[in-house]
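Here are the chains, one letter per residue:
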Number of protein chains: 4
Amino acid sequence: MDSVEFRPERSQYVYTFGGADPVKRVRPGTLLTLWSEDAFNHAITSVNDVASQVIDFRYLNPQTGPFYVEGAEPGDTLAIHVVDLVPARSWGASAAIPFFGGMTSTDRTALLQQALPEATWVYEVDTAARTVGFQARFGDFEVALPLEPMLGTVGVAPAGHEVRSSLVPERFGGNMDTPEIKAGTTVFLGVNVEGALFSIGDGHYRQGEGEACGTAVEGAMNSTILVDLIKGRAPLWPRLETDDYWMIVGSSRPMEDSWRIAQLEMIRWFGELFDLHEMDAYQLLSQVAEAPIANVVDPNYSVVVKVRKSLFPAAHAFDGMHRDLRSRAATR
Amino acid sequence: MDSVEFRPERSQYVYTFGGADPVKRVRPGTLLTLWSEDAFNHAITSVNDVASQVIDFRYLNPQTGPFYVEGAEPGDTLAIHVVDLVPARSWGASAAIPFFGGMTSTDRTALLQQALPEATWVYEVDTAARTVGFQARFGDFEVALPLEPMLGTVGVAPAGHEVRSSLVPERFGGNMDTPEIKAGTTVFLGVNVEGALFSIGDGHYRQGEGEACGTAVEGAMNSTILVDLIKGRAPLWPRLETDDYWMIVGSSRPMEDSWRIAQLEMIRWFGELFDLHEMDAYQLLSQVAEAPIANVVDPNYSVVVKVRKSLFPAAHAFDGMHRDLRSRAATR
Amino acid sequence: MDSVEFRPERSQYVYTFGGADPVKRVRPGTLLTLWSEDAFNHAITSVNDVASQVIDFRYLNPQTGPFYVEGAEPGDTLAIHVVDLVPARSWGASAAIPFFGGMTSTDRTALLQQALPEATWVYEVDTAARTVGFQARFGDFEVALPLEPMLGTVGVAPAGHEVRSSLVPERFGGNMDTPEIKAGTTVFLGVNVEGALFSIGDGHYRQGEGEACGTAVEGAMNSTILVDLIKGRAPLWPRLETDDYWMIVGSSRPMEDSWRIAQLEMIRWFGELFDLHEMDAYQLLSQVAEAPIANVVDPNYSVVVKVRKSLFPAAHAFDGMHRDLRSRAATR
Amino acid sequence: MDSVEFRPERSQYVYTFGGADPVKRVRPGTLLTLWSEDAFNHAITSVNDVASQVIDFRYLNPQTGPFYVEGAEPGDTLAIHVVDLVPARSWGASAAIPFFGGMTSTDRTALLQQALPEATWVYEVDTAARTVGFQARFGDFEVALPLEPMLGTVGVAPAGHEVRSSLVPERFGGNMDTPEIKAGTTVFLGVNVEGALFSIGDGHYRQGEGEACGTAVEGAMNSTILVDLIKGRAPLWPRLETDDYWMIVGSSRPMEDSWRIAQLEMIRWFGELFDLHEMDAYQLLSQVAEAPIANVVDPNYSVVVKVRKSLFPAAHAFDGMHRDLRSRAATR
């Protein structure tokens, strides 16, 4: 198995999907060991660091990449399997940023009210207990929460020569901010440009569904990724697979459109998996789909539609690529 | 324990929250054994029954009730504990209804396109296996799905002298269509009128999150309900509690507003439960909340925000009412 | 011409559409001279009256009516022609109410931010100059604005036995809050119950499109209304006609759905008026329709789609009812 | 006065804002005479040209530009005054494109319904009568509509190194598709990159508000543009000025957010123009603003908030730049 290690210099951080030259070329089947900076660009290191004072908002959510996948052409499908995610620091941070987040007016839901109070929370990682520690900033409450590392961002270059901020979730993946992208998950993305130009970043030591305040327990991450290529068969929207679930991530506004996108793509996927008429798939999914919200804070809101595999006969999406990647990862 | 059995005559079915005289007066602490008709008003009994031909759309989602709870006054909190739900028929039905559902234009998302094809699916209940059987209508696919009975509708009379269709989810509960309302769940609703005037209905033998096509596996239901009253402390929006979760159901449009409503009410609830400042609660929930969509098909869309109790120290919402109802139900 | 004068006692104010007994029976063709209280229920009479302290929020937007129109049956069309609107007081008032309005979080767009500052503005009516006077509350700016009286609310009883707050715009008309309902406008509403049970209220001495802060220059109003009945032909949504325009008012959330509703109803109306295929009507309206927003502050947002008659050959909606009402009003 | 004429070769067409090298450098104060291709890229020339067969959807809405304005730096304000717009062909075209437009499901409002029928309409320009001729495609109806040329697209390069499709309206202007951008209008845009890199295109011979079917009467256009630069003072969102109106264009989803954006920017502008406290500006605009919808069909929906100058004392936005451009244009 080919393998690549990469830890970008600060000057190599990338803040967009598309628009950046590849940092490396990799062959399909390569195992990547990657380090990524936190979404704050390491600007926050203590509870005394107030977002509006220390963050340079032009440089948020730095990506590690992009990687040029050899042979990848528009219309192909990139399979990005998350083998392992390990926090790269002993603490993560979250912040209430003025006019950013789900429970405040924003530049889009633009209102006249004053900003919420700013505050920063730092969560210590307890590696042995596998927890992150919450400490109230306006009181004494403390609680240790399970460490559940995930990647907020996995994406490829957009279509149509667009270049999008790394804060955006879209068809090309990007900042989907769903806890479903964790060790054991395979992300299938349609390729839009030669080489696909994928990147990852935005490590979260844990995140609730919705990512209410706009920031998770943000932290630098060591990610082990196994990447592969399927010729053709590009899905319209990101498809995810684990041992237990098939999933779609839809991203748009208003949030019902994110759901509609994910639901329609799942109807199509179920048509492929089980040779179902779309009205039968629509009916069946009405009774079995789960629909957790991913984020309500990014430029597009993301919703996951997911189906538990155990309810259904065995089916092999993309010719069993996920299972294959799992087994290759296990024997690395 | 007081107990009441009630199976409405067809003439007693009620199609609104508010606007109907109570069918019975019950004391707080009463165990009710209730039968409810299915949401189609029993108009669909085979796959040959096409919704647009057999349904009288003025009479959908018949409610069993309303019940006048003695002593209930505006500002009080009604606790409706679902003890048990048992399908009252050996089959349930679901239908694709023209211009109704999440993947079609509707009277609101009003477009020029033709309606989707109509179709009806009938699911046989296998009581031994505890499954309902899906059979494709446009192919041969079959699959047995777990029987997971729930109530689509639990509500009280609205405030402000309004009378709302039983298809509406709102502050008063109503047609929330969330799989979270199942045996073991307590629903807390603010009382708006003397006697509260609660009703239930819309039994589902199972439902996916989102209720994509607009109808679950609809079926007549035998419900065992334990009702109690908390003086004052009316929540602004429906709160749910199980042994494992605290939950809020927000209902509005667009769907991000449903989430915002539920998230804000949960921030307030967490403030009460753990004496947390709202900025600390906001932060904490950002990392722990789950956010499954309930429905994307009703006049308001419903979103659940829920938190797993095991992550937190013990806390006793409404002075432990849920635990108390559980134990009373267990010893009935 | 039959004529009726009615000024309700305070005890006769009605705060809902539906759910109230008629105050009078009128025959089609009757001229009504009506007085209506302002939307604040006369709670605000000076700039020192702060909304949250003086308003009883259970009793907002009092309606004058409902009137039972003899012969009106479900499926019929009520034509309500506004002959004249004259301010009934020498001043009107507007207020910034906490968590109400378009530029603040609300009970639906529920956020954590603090309320905006409260303030009340009183506008003196200059009858001779036909102006209302704005005076800044936080500075010295003054400007006289044209007096342009309109009715915020014209509605009938809803379908399906619903009763809705007088703050709601919907299919039944209601609180549409559009400046298009002024002297010279005919409002066509589908009848849902015997007698139609229409009411009017919410006089505005002037209002901008959007009604941004949630309140116009609110004032008691003397309204002269000519009512008539068309058997059958109920429009799905409110249709308006003036000498210059055909208009539809759509009301829902999100606001694109309000527009879609109005646009679809106008496509249908154009099909009737000019015997156009719906694709031709869709195309033609794409090039000629105007689309002013009515309100972004009520429980549903309202959007008007309107078409200038002078662009088209003469056409006689509802057999020329508007023109007929105009001429009858002129000769009263 | 410097002047520049430019008609791009096909190979010079640009399909994005940002991401393209400038075709020319111009000094502030330059008069540009520009030719732009129609939004279909000239793929449609008769009613027999069906969009899905003849259009290459990768190459829509070609822009003429971008132009590098000397001295323009981030934070500056570009003033683009439309002096004159003259149709460059004797006919324009509009088309119903599958899954594109306001009355159909789309890639975002993703539903299961079949596409609407495709059709193309060609409008002959009558230069003498100054009309464009509508001819029904599914019947015999004909009507001549006033020729009212406008530009769908005026924009600069986005901030944050983004590159956006020329179909997108945003902070940087772009595909706003409002009939307000016609001869006599000045568009003020914040500069994001050195040289501003503005472009124009998407000529419409006329368009209704909402641009319901997604395409106006599209046509190649000869545009005369006078460009100037204001150091600093970049507005957050596009501001427009005519002799009669101040206007803002907000673009987002859902549509209420577009309105909120435009309303907030206008509150700020009124604060600048009349030294008003934001609560006074909010109140005043509630009574005077107009709010026509621009488009409900693009990746963002656009809403205009506008105020009639004649209601107010004279005020000179950007130190009277619009008036100055008008007078310079008149004496060219």
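The structure under discussion appears in the preceding block.
This one's a predicted model, so the numbers in the text were calculated from it and none came from an experiment.

What counts as what
Residues numbered from 1 in each chain as written. Chains lettered and ligands numbered in written order. Predicted model: local features only at pLDDT ≥ 70, side-chain atom pairs only at ≥ 80, totals over all residues. Heavy atoms only, no water. Helix = DSSP H or I, 4+ residues; strand = E, 2+ residues; numbered from the N terminus. Buried < 20%, exposed > 50% of the residue type's maximum accessible area, 1.4 Å probe, protein only. Contact = heavy atoms within 4.5 Å. Lys, Arg positive; Asp, Glu negative; His and termini not counted. Charge placed at Lys NZ, Arg CZ, Asp CG, Glu CD. Salt bridge = Lys/Arg side-chain N within 4 Å of Asp/Glu carboxyl O. Buried area = accessible area lost by both parts, 1.4 Å probe. Polar contact = N/O pair within 3.5 Å; in protein donor to acceptor, adjacent residues only side chain to side chain. Nonpolar A, V, L, I, M, F, W, Y, C, P; charged D, E, K, R; others polar. Axes fitted to C-alpha atoms, helices over the stretch in contact; angles between N-to-C directions. Left-handed = near helix turned anticlockwise from the far one by under 90°. Least-squares fit on C-alpha atoms with pLDDT ≥ 70 in both. Expected span 1.5 Å × (residues − 1). Pairing = 2+ DSSP bridges.

**Q** Let's hear about the overall build of chain A: which residues, and what values?
**A** Helix and strand counts for chain A come out as four helices and 21 strands. Principal axes of the C-alpha set define a box for chain A whose edges measure 55 × 45 × 45 Å. Residues classed as buried in chain A amount to 68% of the 332 residues present. The long-range fraction of contacts in chain A, counting pairs at least 24 apart against all pairs at least 6 apart in sequence, stands at 77%. If the 27 positive side-chain charges of chain A are averaged to one point and the 43 negative ones to another, these points end up 3 Å apart.

**Q** Any details on the pattern of salt bridges? Residues and values, ideally.
**A** Considering all chains together, one arrives at 84 salt bridges over all chains under this definition. Note that E73 of chain A and K231 of chain A form a salt bridge whose closest N and O atoms lie 2.8 Å from each other. Pair noted here: E73 of chain A is in the loop between β5 (63–69) and β6 (77–87) and K231 of chain A is in the loop between β17 (221–230) and β18 (239–241), with a separation of 158 residues, a long-range link. What makes E73 of chain A partly exposed here is its relative accessible area of 39%. The class for K231 of chain A is partly exposed, based on a relative accessible area of 48%. With a closest N to O distance of 2.8 Å, R27 of chain C and D2 of chain C form a salt bridge. Of the two residues, R27 of chain C sits in the loop between β3 (24–26) and β4 (31–36) while D2 of chain C sits in the segment before β1 (3–6), which places them 25 residues apart along the sequence. Exposure remark for R27 of chain C: the relative accessible area of 47% places this residue in the partly exposed category. Since its relative accessible area comes to 31%, D2 of chain C is described here as partly exposed. What you see here is one network of salt bridges that share partners, running through D107 and R108 of chain A together with E170 and R171 of chain D.

**Q** How would you explain the interface of chain C and chain D if you had to name every residue and give the values?
**A** Contact with chain C, which involves 62 residues of that partner, is made by 63 residues of chain D. In total, about 5,100 Å² of surface goes out of reach between chain C and chain D, with carbon and sulfur atoms giving 67% of it. Taken together, chain C and chain D are joined by zero salt bridges. The interface formed by chain C and chain D contains 38 residue pairs in polar contact (both at pLDDT 80 or more). Secondary-structure elements contributing two or more residues to the side of chain C that touches chain D are β7 (91–96), β8 (119–126), β10 (142–146), α2 (255–274), α3 (278–288) and β21 (301–308) of chain C.

**Q** Please provide a residue-by-residue account of the interface of chain A and chain B, values included.
**A** Tallying the contact residues gives 62 residues for chain A and 63 residues for chain B. Carbon and sulfur atoms supply 67% of the area buried between chain A and chain B, which totals about 5,100 Å² over both sides. Run the count over chain A and chain B and you get 38 residue pairs in polar contact (both at pLDDT 80 or more). Taken together, the residues that form the side of chain A that touches chain B break down as 39 nonpolar, 15 polar and eight charged.

**Q** So what's going on with the packing of helix α2 (residues 255–274) of chain A against helix α3 (residues 278–288) of chain A? Residues and values would help.
**A** The geometry of a pair of packed helices is captured by two quantities: the angle between their axes and the separation between those axes. Residues and elements named next belong to chain A. Packing of α2 against α3 leaves a shortest axis separation of 9 Å and a crossing angle of 115 degrees. Of the two possible hands of crossing, α2 and α3 adopt the one that is right-handed. Between α2, through Q263, M266, I267 and F270, and α3, the contact on the second element is made entirely by E278, A281, Y282, L284 and L285. Looking at the contact of α2 with α3 residue by residue, the class counts come to seven nonpolar, one polar and one charged.

**Q** How would you explain the relation of the copies chain C and chain D if you had to name every residue and give the values?
**A** With an axial shift of 0.0 Å and an RMSD of 0.0 Å, the rotation relating chain C to chain D amounts to 180 degrees. Classification of the inter-copy transformation places it as that of a two-fold axis. Among all C-alpha atoms of chain C, that of P292 of chain C lies closest to the rotation axis, at 2.1 Å. Both copies contact each other with a shared surface, as 100% of the interface residues of chain C are interface residues in chain D too.

**Q** Hey, could you go over the relation of the copies chain A and chain B for me, with residue numbers and the actual values?
**A** The transformation that overlays chain A on chain B combines an axial shift of 0.0 Å with a rotation of 180 degrees, and the residual RMSD is 0.0 Å. Counting the interface residues of chain A, we find that 100% of their copies in chain B are interface residues as well, pointing to one common contact surface.

**Q** Explain helix α2 (residues 255–274) of chain B to me, using residue names and the numbers behind them.
**A** Residue and element names in this part refer to chain B. Here α2 is 20 residues long and its end C-alpha atoms lie 28 Å apart, about the 28 Å a rise of 1.5 Å per residue gives. Most of α2 sits out of view: 18 of its 20 residues are buried. Of the residues trailing α2, D275 is marked for its positive phi of about 55 degrees.

**Q** Can you tell me about the side chain of N61 of chain B, naming the residues and giving the values?
**A** All names here are of chain B. With respect to the helices, strands and loops of the structure, N61 is situated in the loop between α1 (51–54) and β5 (63–69). Only 3.3 Å separates the side chain of N61 from the side chain of T153, close enough to count as a polar contact. In contact with N61, not counting residues within four places along its chain, are V14, Y15, A39, T153, S166, L167, N175 and D202.

**Q** So what's going on with the sheet that holds strand β15 (residues 186–190) of chain D? Which residues, and what values?
**A** Within a sheet, adjacent strands bond to each other through the backbone by hydrogen bonds, running parallel or antiparallel. Residue and element names in this part refer to chain D. Pairing in this open sheet of nine strands is mixed, and the strands run β1-β4-β17-β6-β15-β18-β19-β21-β20 from one edge to the other. Both edges of this open sheet fall to β1 (3–6) and β20 (293–295), since each of them pairs with a single strand only. On average, each strand axis in the sheet is tilted by 25 degrees relative to the strand beside it, whichever way the strands run. Summarising the sheet, strand β6 (residues 77–87) and β15 pair through five bridges and their orientation is antiparallel. What sits directly across from L78, in β15, is L189. In the packing of helix α2 (residues 255–274) onto the sheet, the strands contacted are β18 (239–241), β19 (245–252), β20 and β21 (301–308), and the crossing angle to β19 comes to about 145 degrees.

**Q** If you had to explain unusual backbone geometry to someone new, which residues and values would you point to?
**A** The linkage connecting G65 of chain B with the following residue, P66 of chain B, adopts the cis geometry, with an omega of 0 degrees. Considering the arrangement of structural elements, one finds P66 of chain B in strand β5. The step from R253 of chain D to P254 of chain D runs through a cis peptide bond, and the omega angle for that step is -10 degrees. Even without being a glycine, D275 of chain A presents a positive backbone phi close to 55 degrees. Although it is not a glycine, D177 of chain D sits at a positive phi angle of roughly 50 degrees. Following the sequence through the fold, D177 of chain D ends up in the loop between β14 (173–174) and β15.

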